[in-house]
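For reference, the chains in residue letters:
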Amino acid sequence: MQQQQNTNKRIKPIQGHSPQRSPGKFSSNLLNISNKFAGTGGMSSSLAPKKAQAPQKVPKSGIFQALPMIEQTLFKKYYDRGDLPIAVNFSGAVRKIVWKCEPECLDYHLYLPIFFEGLRETEDPYKFLAVNGCEELLQKGETKILSVLPQLIIPIKKALATKNHDIMCITLKKIQKLVKSGQMIGEALVPYYRQILPVMNMYKNKRLNIGDKIDYSQRKNENLSDLIQETLETLEKNGGEDAYINIKYMIPTYESCMF
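The paragraphs below set out a description of the structure included in this document. Every chain's residues receive numbers from 1 upward, in the order its sequence appears when written. Reporting of local features is limited, given that this is a predicted model, to residues whose pLDDT is at least 70; pairs of side-chain atoms are given and counted only at 80 or more, and all residues count toward the totals for whole chains, interfaces and linings. Side-chain numbers here rest on the full set of heavy atoms in the structure, without hydrogens or water.

### So, the environment of Leu149
Secondary structure follows DSSP: runs of H or I at least 4 residues long count as helices, runs of E at least 2 residues long count as strands, and numbering of each begins at the N terminus. By the element assignment, Leu149 lies in helix H6 (residues 145-161). Counting along the chain gives 40 residues from Leu149 to Leu189, while the straight-line C-alpha distance between them is 7.6 Å. Contacts between residues were defined by any pair of non-hydrogen atoms, one from each residue, lying within 4.5 Å. In this structure, Leu149 is in contact with Leu178, Ile185, Ala188 and Leu189, ignoring residues within four places of it in sequence.

### Considerations on the pattern of salt bridges
The term salt bridge refers to a side-chain nitrogen of Lys or Arg lying within 4 Å of a carboxyl oxygen of Asp or Glu. All told, the structure shown has eight salt bridges when counted by the stated rule. The closest approach of N and O atoms between Glu117 and Arg120, which form a salt bridge, is 2.4 Å. Each member of the pair, Glu117 as well as Arg120, carries the same accessibility label: buried. Across the salt bridge formed by Glu255 and Lys248, the nearest N and O atoms sit 3.6 Å from each other. Accessible area is worked out with a 1.4 Å probe on protein chains only. A residue is then buried under 20% of its type maximum, exposed over 50%, and partly exposed in between.

### So, the nonpolar core
The definition of a nonpolar core used throughout is a set of buried Ala, Val, Leu, Ile, Met, Phe, Trp, Tyr and Cys residues joined through side-chain atoms within 4.5 Å. Judged by nonpolar contacts, the single largest core of 56 residues is most densely connected at Leu112, Ile175, Ile196, Leu197, Met200, Leu232 and Leu235. Sequence-distant contacts of Ile196, defined by excluding residues within four places in its chain, comprise Ile153, Ile156, Leu160, Ile175 and Leu189.

### Some words on the side chain of Glu121
Checked against the element boundaries, Glu121 lands in the loop between helix H4 (108-117) and helix H5 (126-141). Charge assignment in this entry is limited to Lys and Arg as positive and Asp and Glu as negative, and neither His nor the chain termini are counted. Among buried Asp, Glu, Lys and Arg side chains, Glu121 stands out as unpaired, with Lys76 the closest opposite charge at 5.3 Å. Whenever a nitrogen or oxygen atom comes within 3.5 Å of another N or O atom, the pair is scored as a polar contact, on the condition that within protein one atom can donate a hydrogen and the other can accept it, and that pairs from neighbouring residues in sequence are kept only if both atoms are in side chains. Looking at Glu121, its side chain comes within polar contact range of the side chain of Thr73, at 2.3 Å. In this structure, Glu121 is in contact with Thr73, Lys76, Tyr126 and Lys127, ignoring residues within four places of it in sequence.

Take a look at the structure:
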């Protein structure tokens, strides 16, 4: 009789509702679940010590790499439109440039900066016309070049900033020609050293170790480090009293060739 009374006293759970559980038991069940999945899951394991991983190489900064793309220059745009008084003469064994009018009669304020823009060209006939046309304009410019000098700084800076070996060599040679093309040009160029010399400072001591091989760029005068040294010496010789101080400020490793 007592067992029947005990069974009658039991409360049956209502459908759709679970019996209440104490919070202590629930948290202990969670801990048990986390412990159940602590195995390897069937993966192979080894007692051998792990191999030391090789240290990751520091990525290169790429500071000396040339620009992958060079934006279109005004020289190419003007030449394709037929606005430049210059053409290529293919008669004979050597190519030459032909002027449609005498270079002395040209407006240097308009054309000389455009030809300096063309120094960034890498394809012919643009490269050939820009290099040789710029050479003749500097030869026959005389007193016209000094007043155009401020307009030449940005094209020179852009050409050096490409970090292209051929473009930089051509630009450095044209800077030397520019300084020697007339009086007071070297001194007038001194205030613009801060825009021109930073790239030279990067490449001044950058030399290629080729061992016992022959460097043919020396014969062609295309050794970048030597060209930079020659250009700096030319700037110092023709820049007046303040030239060396300003060069030394921008390129601390430069030593004077005058003392």
